[in-house]
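Reading the structure
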Amino acid sequence: MPTKDPRVDAYIAGAGDFAKPILNRIRKLVHSACPQVEETIKWNAPFFVHKGILVAMPAFKKHCALIFWKGKLILGRERARLRRLVSLADLPSDKILLGYIRKAVALNETGVKAPPRKRIRAKELPVPDDFLAALRKNKKALAAFEKFSPSHRREYLQWITGAKLEETRRRRITKAIQQLAGGKAHNWQYR
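Residues numbered from 1 in each chain as written. Predicted model: local features only at pLDDT ≥ 70, side-chain atom pairs only at ≥ 80, totals over all residues. Heavy atoms only, no water.

The next subject is the overall build of the chain. Along the chain, the regular secondary structure elements total eight helices and four strands. The secondary structure elements of the chain, listed N-terminal to C-terminal, are α-α-β-β-β-β-α-α-α-α-α-α. In terms of C-alpha radius of gyration, the chain reaches 27 Å, well past the compact-globule figure of 16 Å for 191 residues. With the C-alpha coordinates of the chain rotated into their principal frame, the extents come out at 75 × 35 × 30 Å. The buried share among the 191 residues of the chain stands at 40%. Pairs at least 24 apart in sequence give 57% of the contacts found in the chain among residues at least 6 apart. Counting only carbon and sulfur atoms, one obtains 55% of the accessible surface of the chain, whose full area is about 12,300 Å². (Helix = DSSP H or I, 4+ residues; strand = E, 2+ residues; numbered from the N terminus. Rg over C-alpha atoms; globule rule 2.2 N^0.38 Å. Buried < 20%, exposed > 50% of the residue type's maximum accessible area, 1.4 Å probe, protein only. Contact = heavy atoms within 4.5 Å. Areas by Shrake-Rupley, 256 points an atom, 1.4 Å probe, with all protein chains shown as cover.)

Right, let's get into the pattern of salt bridges. One pass over the full model with this rule turns up seven salt bridges. Between Asp-130 and Arg-169 there is a salt bridge, with the nearest N and O atoms lying 2.9 Å from each other. Of this pair, Asp-130 sits in helix H5 (residues 129-137) while Arg-169 is found in helix H8 (residues 166-181), placing the two residues 39 residues apart along the sequence. Exposure remark for Asp-130: the relative accessible area of 32% places this residue in the partly exposed category. (Salt bridge = Lys/Arg side-chain N within 4 Å of Asp/Glu carboxyl O.)

Quick look at empty space enclosed by the protein now. Going through the model one piece at a time under the given rule, you end up with one cavity of 30 Å³ or more. Roughly 40 Å³ of volume is contained in the largest cavity. What lines the largest cavity is simply Lys-123, Glu-124, Leu-125, Pro-150, Arg-153, Arg-154 and Leu-157. Residues that form the lining of the largest cavity fall into these classes: three nonpolar, no polar and four charged. (1 Å grid on protein atoms, 1.4 Å probe; cavity = no way out; pocket = protein on both sides within 12 Å on 5 of 7 lines; lining within 4 Å. Points joined across faces, edges and corners; volume = space filled by probe spheres on them. Nonpolar A, V, L, I, M, F, W, Y, C, P; charged D, E, K, R; others polar.)

Attention shifts here to the packing of aromatic side chains. In the structure shown here, the tally under the stated rule is six aromatic pairs. With a centroid separation of 6.4 Å and 20° between ring planes, the pair formed by Phe-148 and Tyr-156 is classed as stacked. For the pair Phe-148 and Tyr-156, a shared accessibility class is recorded, and that class is buried. Within the aromatic cluster, the residues linked to one another by ring pairs are Trp-43, Phe-47 and Trp-69. (Phe/Tyr/Trp six-rings, centres within 6.5 Å; stacked < 30°, edge-to-face > 60°.)

The computed volume of the largest pocket comes to approximately 320 Å³. Residues belonging to the lining of the largest pocket are distributed by class as follows: five nonpolar, one polar and five charged.

This next bit is on the environment of Leu-107. Within the element layout of this structure, Leu-107 appears in helix H4 (residues 94-110). According to the relative accessible area criterion, Leu-107 is buried, its value standing at 14%. Distance in space between the C-alpha atoms of Leu-107 and Val-86 is 28 Å, their sequence separation being 21 residues. Excluding its chain neighbours within four sequence positions, the residues that come into contact with Leu-107 are Lys-70, Leu-73, Ile-74 and Val-112.

Attention now moves to the packing of helix H7 (residues 150-161) against H8. Interhelical geometry of H7 versus H8 gives an angle of 160° and a closest axis separation of 9 Å. When the axes of H7 and H8 are compared, the pair comes out roughly antiparallel. Of H8, the residues touching H7 (which contributes Tyr-156, Trp-159, Ile-160 and Thr-161) are Arg-169, Arg-172, Ile-173, Lys-175, Ala-176, Gln-179 and Leu-180. Residues that form the contact of H7 with H8 fall into these classes: six nonpolar, two polar and three charged. (Axes fitted to C-alpha atoms, helices over the stretch in contact; angles between N-to-C directions. Parallel < 35°, antiparallel > 145°, perpendicular 65-115°, else oblique.)

Here Lys-20 lies in helix H2 (residues 19-33). Lys-20 gets classed as partly exposed once you look at its relative accessible area, which sits at 28%. Spatially, the C-alpha atoms of Lys-20 and Ser-87 are 9.6 Å apart, while their sequence positions differ by 67 residues. Aside from chain neighbours lying at most four places away, what touches Lys-20 is Ile-12, Ala-13 and Ala-15. A distance of 3.5 Å separates the side chain of Lys-20 from the side chain of Asp-17, its partner in a polar contact. (Polar contact = N/O pair within 3.5 Å; in protein donor to acceptor, adjacent residues only side chain to side chain.)

Written out as C-alpha cells, the structure is:
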C-alpha cells in the first residue's frame, strides 16, 4: 500500500494549473515503480524516498521539474531535459519514466553513492611585481603570505590592486608588509 503524505496533496493542490497533471502523473508512476516509497517534503518540494532520496518534483510559477537524486548515473546528459516541464508532452513516455525510476530504486537498494561534484577552484590572482618585490625584502612577510589560504591571499591582492592612485597602492603595500610580518590576515581586526 503506497504511503501518501497529505502535505504532498496540499503541495499539488497549490501548484499552478499547468503543473497539477504533471505532478500527479509523476507521483502515480513513482508509486507504481516502487510501492514501498515514502513521500515527504524537503526544501519546500515533494520528495520520494526509498533507502535514500530517489526523486524530487518541485513546481515553480511557470514550470516544474523532475530531479533524480542520482541523475548523472541514471540519465547522464539527458537530465537537463527533465528540468523544465510545462506540459505532459514534455515528459517521456510512462515506460521510459518507469525505467528511470526503477533504476533509481536499484541504485539506492544496492547502496550506490552519487558521484561527487567537481569542486570549482577559484582562480589564483597573480601577485603584482611591486608587491612581490616588497615581500621578498621581508622574509617573515613572505613566509606568512605563502602560508595563508588562497582566500586570505586574494583579500590582500584585491585590496592592493584595487587602489586607483599609485600613492595609495604604495601605502597599501607598506601596510600589507607590516601586517604580514606580524602574521595577520588582511581583515584581522574583524575576526
